[in-house]
Amino acid sequence: MFEQFDMEEAELVEYFRAQIREDPDVASAVAAIRSLLEFLKRDQSETILGLRENMTKAIHRLEETDSSVAVSSGGELFLRFISLTSLEHPDLSQCKNVMIERGELFLKKISLSRGKVGKLCHTFIKDGAKILTHSSSRVVLKVLENAAADNKRFTVYVTESQPDSAGKHMAQKLGKLNIPVMVVLDAAVGYIMEKVDLVIVGAEGVVESGGVINKIGTYQMAVCSKAHNKPFYVVSESFKFVRLYPLNQQDVPDRFKYKADILKTVKDLNQEHPMIDYTPPSLITLLFTDLGVLTPSAVSDELIKLYL
Amino acid sequence: KKQHKKNKKDDRGPPEKEKEKEKASVLAPSKPATQSPAHKGTASKYVPLRSDYGYKVSLFSHLHQYSRKNPPTQQISIPATVIHPSIVRLGLQYSQGIIAGSNARSVALLHAFKQVIQDYSTPPNEELSRDLVNKLSPYISFLSQCRPLSASMGNAIKYIKKEISNIPSQCKEEEAKRRLQECIDSYINEKIILASEAISKYAIEKISDGDVILVYGCSSLVNHILCEAFEKQRKFRVIVVDSRPRLEGREALRRLVKKGIRCTYVLISALSYILPEVSKVFLGAHALLANGYVMSRVGTSQIALVAKAYNVPVLVCCETYKFCERVQTDSFESNELDDPDDLIVTRNGKTHLENWQTVKSLGLLNLVYDVTPPDFVDLVITDLGMIPCTSVPVVLRVKNVDQ
């Protein structure tokens, strides 16, 4: 029984990695949820409790592979969504079918969420706008795509976003859409802020307070935009809402700050550089999600609805 | 503003009309009045009015200011009283400050009501569900004469009244009484005792090793959290901030030091000196208002303000039964004035304020509560989990849906 599970675990991780390889445009959380659904279909437990335990273990295993907040939040929401139905059927396979159906429904809903966000947000981009964005976010790309398709003219400034130079990939993708783009240094955010009209960033996770967890450098950008009174917008799908409540940068758990392989190998985390930072809700103007356009204080309302 | 004054007490019915009349009759004189007449009103004609004491500062002249030296029971004659003895005792304990603190007052109130229900017998031709509620009204107005009701007491009273009126009429008296006792016991257990366990669990997650935690005054909940965290081997030290005239921080200090926690004690005037050392501030609350404002002991909003200026996170711990549907944006509209003589202090045999009443232009103000805006509070820990201050109306809505 034990060995059978281990084999499935390795299969699960392989399936997850394969999903990301085949479709690089898919959000890591969506890939994780697809893998979890597949895991559910193949699971051999005899009881519902055993099934839930296996699912939780599977989520933990995926979190170890890819330490982003979205995988953790997406997994938990998936588990809640499929079990939040009456599982009163006497036959386990019937219950499993109900759960699988709900799982497919959930997956379909969240695959459409990026499109919904794009449709909501692009109206906030006016003709002739100058937009600043940080690092590479697929949701922001979708928003800018929609705005460009709407025949709006705008320029985009992207920060380089070291240490992985993700900003340069974003610039390439935007170039392919024929949007005028300029890559700026991370250190040049303060310099460029007076020129831009608005700031749009993506999010890796949205926390209970209404703040966001995103690539390192986002907090700096938020503080700068507040000082210059420029609107700071965050675009995110709703499966990234997570039940964390950090009070400050130190309070964000280590398992999200560093990449998964670094957590396993390195002893002294003080020498490592964190990959994400936390932006408090007081610096955010609006959040665009597939649940609608929310103020940071409304995020808690939505979270209570999702989780309670 | 008048609406808010009316909603100050949470019980509806005859006592409300009397409250207004009583305010009108007491506002006029500014010097201590002689015994005010017991006035017309159906349920409360046996509850004598307490007279105000001393000059009231004009901003707060709509509130009552009583002296501890004139207990409310002086005018009550025994045995011609409608008030149950355990309620009289409770009222005296409130007015003399023997029972203080939001949770303690609610629990004492519920225990006294249990006694009242025990001793109650339905008169002939009356129904328990209606008569008992009517019997409780004079008790409640007596208690609010002794000391204005707290939000937690208000919610507890609402709950009891609802339970009493839900007793089916065919229920036998003994059975009804037993049921009510059980309701009260489960209320205390769920909303106060188990809630504080749940809150400790969440709060301990927020306490990390090496923390320096600042607390203000004596909140039973915050003390419980710190003691639990210490038992779970968290390494932290505590700074207790205290203020006159109540000096409640000394009680908190006593409890924490007895546990073995390292503590520092300062007065509130040293707050900006000590704050750079602090990593978190834990505050208790008397009530959480529907617009996200926190009503707590006077001095709390000051601590939250200075902590915000130093970027120190402020965490408020509050059980959900203290959430109230009132809205308040300032500390003037609805507050409590304590005995002004408490501010008189004797040092080296010299008392400067002893004859303050003879100085016509001098008023002593002893406020009990103040409100803290939600922008200064980073996190509220309730038994439902950790929520931002702005989500209080959501919790109230969820609770109303449950009921």
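About the criteria used
Residues numbered from 1 in each chain as written. Chains lettered and ligands numbered in written order. Predicted model: local features only at pLDDT ≥ 70, side-chain atom pairs only at ≥ 80, totals over all residues. Heavy atoms only, no water. Pairing = 2+ DSSP bridges. Helix = DSSP H or I, 4+ residues; strand = E, 2+ residues; numbered from the N terminus. Axes fitted to C-alpha atoms, helices over the stretch in contact; angles between N-to-C directions. Contact = heavy atoms within 4.5 Å. Buried area = accessible area lost by both parts, 1.4 Å probe. Salt bridge = Lys/Arg side-chain N within 4 Å of Asp/Glu carboxyl O. Polar contact = N/O pair within 3.5 Å; in protein donor to acceptor, adjacent residues only side chain to side chain. Phe/Tyr/Trp six-rings, centres within 6.5 Å; stacked < 30°, edge-to-face > 60°. Buried < 20%, exposed > 50% of the residue type's maximum accessible area, 1.4 Å probe, protein only. Lys NZ or Arg CZ within 6 Å of the ring centre and 35° of its normal. Domains from an automatic or database assignment.

### Concerning the sheet that holds strand β10 (residues 292–294) of chain A
Residue and element names in this part refer to chain A. Across the sheet, which stays open at both edges, the 7 strands sit in the order β3-β2-β1-β4-β7-β9-β10 with mixed pairing between neighbours. Only two strands of the sheet have a single neighbouring strand rather than two, namely β3 (181–184) and β10. When the angles between neighbouring strand axes are averaged without regard to direction, this sheet yields 25 degrees. Both strand β1 (residues 129–133) and strand β4 (residues 198–201) contribute to a ladder of 2 bridges, which runs parallel. Its bridge partner being in β4, Leu132 is matched across the sheet by Val199.

### With respect to the interface of chain B and chain A
The partner chain A presents 11 residues to the 14 residues of chain B that form the contact. Of the roughly 1100 Å² buried between chain B and chain A on both sides combined, carbon and sulfur atoms contribute 59%. The interface formed by chain B and chain A holds 2 salt bridges in total. Of the charged contacts, one joins Asp251(A) and Lys206(B) as a salt bridge, the two residues approaching to 3.1 Å between their closest N and O atoms. Connecting chain B to chain A are 5 residue pairs in polar contact (both at pLDDT 80 or more). Elements that contribute at least two residues to the side of chain B that touches chain A include exactly β10 (385–387) and α12 (392–402) of chain B. A total of 3 residues in the side of chain B that touches chain A trace back to one element, the largest contributor, which is α12(B).

### Examining the packing of aromatic side chains
Ring pairs (aromatic) are described by centroid distance and by the angle formed between their planes. Under the definition given, this model contains 8 aromatic pairs over all chains. When the centroid spacing of 5.9 Å and the interplanar angle of 50 degrees are considered together, the rings of Phe78(A) and Phe106(A) count as tilted. Here Phe78(A) is found in helix α4 (residues 69–83), whereas its partner Phe106(A) is found in helix α5 (residues 92–111), with 28 residues between them in sequence. Here the two residues Phe78(A) and Phe106(A) agree in accessibility, since each one is buried. Measuring from centroid to centroid gives 5.0 Å for Phe81(A) and Phe106(A), while their planes differ by 35 degrees, and the two rings are tilted. Highlighted residues: Phe81(A) in helix α4 and Phe106(A) in helix α5, separated in sequence by 25 residues. In terms of burial, Phe81(A) and Phe106(A) fall into one category: buried. Every member of this aromatic cluster is reached through a ring pair, and the members are Phe78(A), Phe81(A) and Phe106(A). Positioned over the ring face of Phe81(A) is Arg102(A), at 4.4 Å from the centre of the ring. Positioned over the ring face of Tyr202(B) is Lys201(B), at 5.4 Å from the centre of the ring.

### Here we look at the domain arrangement of chain A
All names here are of chain A. Entries for chain A in the domain assignment read domain 1 (9–110) and domain 2 (117–307). Measuring from the centre of the C-alpha atoms in domain 1 to the corresponding centre in domain 2 gives 27 Å. The interface is formed by 21 residues belonging to domain 1 together with 18 residues belonging to domain 2. Counting the surface domain 1 buries against domain 2, the share from its top three residues, Ser67, Val69 and Leu77, is 36%. Remark: the boundary between domain 1 and domain 2 carries 1 salt bridge. The salt bridge involving Glu63 is made with Arg255; its shortest N-O contact spans 3.9 Å. Elements with a minimum of two residues in the side of domain 1 that touches domain 2: α2 (28–42), α3 (48–65) and α4.

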